[in-house]
Protein chains: 2
Amino acid sequence: MTEYTAPIRDMQFVLNELVGVDRLAQLPGNEEVTPDLLEAILEEAGKYASGVLAPLNQSGDQQGAKLVDGKVVEADGFANAYQLFVESGWSSISQSSEYGGQGLPHVLQSAVSEMWNASNLAFSLCPMLGSGAIEAIEKHATDELKETYLHKLVSGEWTGTMNLTEPQAGTDLAAIRTKAVPEGDHYLISGQKIFITWGDHEMTDNIVHLVLARLPDAPKGVKGISLFLVPKNLLNDDGGAGTRNDVRAVSLEHKMGIHASPTCVMAFGEEGGAVGYLVGKEHSGLACMFTMMNHARIGVGIQGVAIADRAYQQAVSYARDRVQGFAPGVDGPAAIIHHADVRRMLMIMRAQTEASRALAYVASAELDYALGSKDEQLKQAHMARYDLLTPIAKAWSTEVAQEVTSLGVQVHGGMGFVEETGCAQHMRDARITTIYEGTTGIQANDLVGRKILRDGGRTLMALISELEAFEGQLESAGTSMVTINNGYREGLKALVEASQWLKTKGLESPNAPGAIAVNYLMLMGTVLGGWLMARSALAAQKNLKNAGCDENFCHGKLAIANFYAEHLMPRTQTYLAGVLAGDSSIMAIPAELL
Amino acid sequence: MTEYTAPIRDMQFVLNELVGVDRLAQLPGNEEVTPDLLEAILEEAGKYASGVLAPLNQSGDQQGAKLVDGKVVEADGFANAYQLFVESGWSSISQSSEYGGQGLPHVLQSAVSEMWNASNLAFSLCPMLGSGAIEAIEKHATDELKETYLHKLVSGEWTGTMNLTEPQAGTDLAAIRTKAVPEGDHYLISGQKIFITWGDHEMTDNIVHLVLARLPDAPKGVKGISLFLVPKNLLNDDGGAGTRNDVRAVSLEHKMGIHASPTCVMAFGEEGGAVGYLVGKEHSGLACMFTMMNHARIGVGIQGVAIADRAYQQAVSYARDRVQGFAPGVDGPAAIIHHADVRRMLMIMRAQTEASRALAYVASAELDYALGSKDEQLKQAHMARYDLLTPIAKAWSTEVAQEVTSLGVQVHGGMGFVEETGCAQHMRDARITTIYEGTTGIQANDLVGRKILRDGGRTLMALISELEAFEGQLESAGTSMVTINNGYREGLKALVEASQWLKTKGLESPNAPGAIAVNYLMLMGTVLGGWLMARSALAAQKNLKNAGCDENFCHGKLAIANFYAEHLMPRTQTYLAGVLAGDSSIMAIPAELL
């Protein structure tokens, strides 16, 4: 019931046909990124995910992380699994080789991250946050700090955390109160942070906290926030972990899901001040924070894909085994997989999972293309595309995961509600993904405000032009693509109309952008998913002409794209209506009368 | 955070304007059903719900029911709350006066049930299942059994359960194996039942189990199932509870939600056979079971409404208090209720809650009209309408509750994922409602098969005619109804088109009805919800002309109907597309290749 098989075949298909591994391999430093290398890495990662992480998922949920005598003790088996993770080099795949990383593409990191998250979401949060910390340090810290901390963070010998939220400062970081007072070559940090994922544990001998705080003379608001590196243990002269710093986990949240991931309330400076080191310039913490956040946002999008796939796999397995009633074309009692309504649910689950995977990988690869492009204009175009796609890959994939994991429970019927079965855990675990690292509403505001309106819609229009050009390609592909083309055309038309509305009326009322943003994001996610499904179908159709092609696999890709076009693309009409309605009926009842 | 206020004003509005209390009062036996009486009952019920049940909701979730030394021990406070429930007469509101009931309308029962379920879903399951047992006994049992058991069930002195499911027989009751062997004036029952809600507890001195089982000579399949009454304790000569019968709870499920409601595995006849009495004729258990199920289905629909309202109330309260960032038109830091995207979520929650409440009450009242009508044709028409609306009120309301409770978590942001806050419990509790008493898929099959195709669409067409006539009424209502009318017209058009497809193509493929059923049901639920919201708007508009009218309340009804028309009615287009697509892309990937 709780098994997991990495969907390597599907991943390779996305990498080869949609991301373009051949193009990736042409980027400087990527010469060795061959399909064979990718396959070898994916297979090894799949073994680790299925064999080591997946078996700890349910036991981790049941046991949870515990705070014992001031220390956070992780669930049984997690420390060994983490050690194996580090020894196998999984911590450093896409990290820079300057600090011991393997320098492989970010899109490959996304693929293996999908496996970690599908097999054990709670575990995977630990390395995910570490990656964010690494990126922030690498981009913004002094050479000395980099030299001191990065090697061990990259190897995974130490883990990293992000300390942003405070009770009064969740989405609104301007409200942060944690203080940093200069003292010699360092600062003394004091204050309380909440919702700190893997804020403490016993798996490694040190933890590197990145902490947002205010200097004494800091301006108010977000322009007065600085970023600090605060190690759990101060370092000895040899660079190893030494005496305890003045930071500790004081309590753990009792959460709906991801029980094995300790969500800590962290107290800094209860005994005078935690020693911290400035990362980046004074008062520039917000920019540094965004470095961590952007990274984490794609990561959370991948979590959505991952947990959706896990739920799908489990639902298919149950539907195949569970015999109940009769179905057309089946002699005698039938497994429920033969019931049309169960099949409908499984197809929604599969289509959404495949579409959101495609989008998340394609988005990740834009970062590789941006970093690897020598032409400045090309580099900027890829980076802009990456920035545009990030909030969609985060929010749409995780919203999709809510639906998919809930359908997973529904396919199981009464057994789905029983925790023993395991699928309820996927739904509970998935619930956080539309919230942390910025809620769906925040992603949608980022998309509409920062990523579209700020550059006058230039990056968006470049993408829409590409989508329009693809319509021609679909049209010339013949009758087998008619259904897909019909769905695609309607969806794209809706996106164009919504974008037009955004441009002409989006600023007529101050509440309009916020009111329409989520509908706009969901519309765009659905259309992009359909675009990638249609591209998959074209690739599958082409592959079918090759000798030795796996016909079942290719027909499956065509069938799922058809299903997406007929059953999921029509959702764009509802989202479009939500955009065109603007903010008037949303704001019609005064707040005090709700 | 976990407070609950019964929405008496909204309930009265539905009862007065949509159900028609004046018409109800004209039915024989209902002469005393005045608005004043209803108000008095609703207010008393509201006090009990807020004051007694609501405070036990979170503690019941945390503590859960426990199996201790072979007995199920309910959570702290539940026994006292149940005693008060019985003493206050809440058990017998709509029960027949022949056995001590108060004979009040079923729709009033629905309204107070909403309060019980909103304040404490786990608790409320106990009386809900008792009502189903009462109805089955009253309709099908011998006079002797009725006389012996009904008085104490109606008063609530004893509780009742429904024992249908076995491990191999969930949705498919044909697979039931529990045996009943005749012995003297009774039968000896043996077998195992699972998912038995409140199958055991210590709140009363007896429990009356209704159990589906097979006689030795029974035909195979559903035509060989009979219904038996099996008391937990055999009766003494004075009719009171005596020695233990051979039935016991052997384990409890560990569930995602409704922790305080014990979900029991029941063992009958481990020591030779549990004494049971035949209810109804031999082999006619399925018909008796449907009596219980239909009752319970409306009841579960009410649960959907209830938990949605609870989630809405909590989300509004949090959004009013939580200050975060800035919002247009608000000086300084703003409560999140002023953010347009939060407002959008709250409006979706409120609109869906109000629409599903209206539908559930209107459906319940059809039973009152059916039972109270002397004209046979009218009686049949009301009963057919009740039967048609029941699967929609069950499935649509509970699907809506999934969305609403999940949005409730989303409004809370990170705090929503923390169990302490309480809104995660609503989502976990709500998750069972689309599953038990027949999944959404089963309700949809019931709607499309039994309720529409079986009578050639006659009952459906009568309803559609009424919906079409209402369109004319809306059109003549003036410009303030234009938005509502536009939404309504589009929705109704979609329903007519989908119904036409069902009639002409619904039987062309054996998988078609199953494939389109859920989309059809959701389409119909959405349109019916919109119809009732539009009727509410007309009533509010009319009321606004009355002196002394509460203008805020009436403007609120107009605003919420507008929102529904603009933001929720467009979902009908997606459901319609799902119907028109039929089963081809749903069944395109062979089961073995999923």
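For every chain, the first residue of its written sequence is number 1, and the numbers climb from 1 along that sequence. Just so you know, chain letters begin at A and ligand numbers begin at 1, following the order they were written in. Restriction of local features to residues with pLDDT of at least 70 applies here, the model being predicted, together with a cutoff of 80 or more for giving and counting side-chain atom pairs; totals for whole chains, interfaces and linings are based on all residues.

A. Examining the domain arrangement of chain A more closely. Residue and element names in this part refer to chain A. As assigned here, chain A comprises domain 1 (8-154), domain 2 (159-283) and domain 3 (440-588). Remark: residues whose backbone-derived C-beta atoms lie within 7 Å of one another are considered to be in contact. Each side of the interface is counted separately: domain 1 has 32 residues, and domain 2 has 29 residues. Here a helix means four or more residues in a row that DSSP labels H or I, a strand means two or more in a row labelled E, and each is numbered from the N terminus. Mapped onto the side of domain 1 that touches domain 2, the elements with two or more residues apiece are helix H4 (57-63), strand S2 (71-73), helix H5 (78-87), helix H7 (121-140) and helix H8 (143-155). Grouping the constituent residues of the side of domain 1 that touches domain 2 by class yields 22 nonpolar, seven polar and three charged. Source of the domain bounds: an automatic or database domain assignment. Classes in brief: Ala, Val, Leu, Ile, Met, Phe, Trp, Tyr, Cys and Pro nonpolar; Asp, Glu, Lys and Arg charged; the others, Gly included, polar.

B. Structural detail: the interface of chain B and chain A. Counting from both sides, the interface comprises 70 residues of chain B and, opposite them, 71 residues of chain A. Among the secondary structure elements, those contributing two or more residues to the side of chain B that touches chain A are helix H10 (340-372), helix H11 (376-411), helix H12 (414-417), helix H14 (440-453), helix H17 (512-544), helix H18 (551-568) and helix H19 (571-580) of chain B. Among the elements that line the side of chain B that touches chain A, the one with the most residues is H18(B), at seven residues. Grouping the constituent residues of the side of chain B that touches chain A by class yields 32 nonpolar, 26 polar and 12 charged.

C. Region of interest: the pairing of strand S12 (residues 274-279) of chain A. Residues and elements named next belong to chain A. Where burial is concerned, most of S12 is hidden: five out of the six residues are buried. Two strands pair under a simple rule: DSSP has to find at least two bridges between them. Two elements, strand S5 (residues 186-197) and S12, share three bridges in a ladder whose sense is antiparallel. Along S12, the bridge assignment pairs Tyr187 with Gly276. As judged from the three bridges shared by strand S7 (residues 225-231) and S12, these two strands associate in the antiparallel manner. In the sheet register, Leu229 faces S12, and the bridge partner there is Tyr277. Burial is judged by counting the other C-beta atoms within 10 Å of a residue's own C-beta: 20 or more makes it buried, 12 or fewer makes it exposed, and any count in between marks it as partly exposed, with every C-beta position built from the backbone.

D. Representation of the relation of the copies chain B and chain A in the model. In this comparison the copies share one frame, found by least squares on the C-alpha atoms of residues holding pLDDT of at least 70 in both. Taken as rigid bodies, chain B and chain A are interconverted by a rotation of 180 degrees and an axial shift of 0.0 Å, the fit giving an RMSD of 0.0 Å. This pairing of chains is accounted for by a two-fold axis. Looking at the interface residues of chain B, 100% of them are also at the interface in chain A, so both copies use one shared face.

E. Molecular detail of helix H11 (residues 376-411) of chain A. Residue and element names in this part refer to chain A. Expected helix span is computed as 1.5 Å times (number of residues minus one). With 36 residues, H11 ought to run about 52 Å at 1.5 Å a step, and its terminal C-alpha atoms sit 50 Å apart, in line with that. Of all the bends in H11, the greatest reaches close to 30 degrees and is centred on Leu389; the proline Pro391 follows between one and four positions later. The buried count for H11 comes to 27 of 36 residues, which makes it a mostly enclosed element. Of the residues one or two after H11, Gly413 is the one with positive phi, at around 60 degrees. To get the bend at a residue, fit one axis to the 7 residues ending there and another to the 7 starting there, then take the angle between the axes.

F. Region of the structure containing the pairing of strand S11 (residues 263-268) of chain A. Residues and elements named next belong to chain A. Here five bridges tie S5 to S11, and the two strands are oriented antiparallel to one another. Counted as the bridge partner of Gln192 is Ala267 from S11. Alignment of strand S10 (residues 247-252) against S11, held across five bridges, turns out to be antiparallel. Paired with Ala249 across the strands is Met266, a residue of S11.

G. The arrangement of unusual backbone geometry in detail. Of note, A:His283 is a non-glycine position whose phi angle comes to about 65 degrees, a positive value. As for its position among the elements, A:His283 is in the loop between S12 and helix H9 (285-321).

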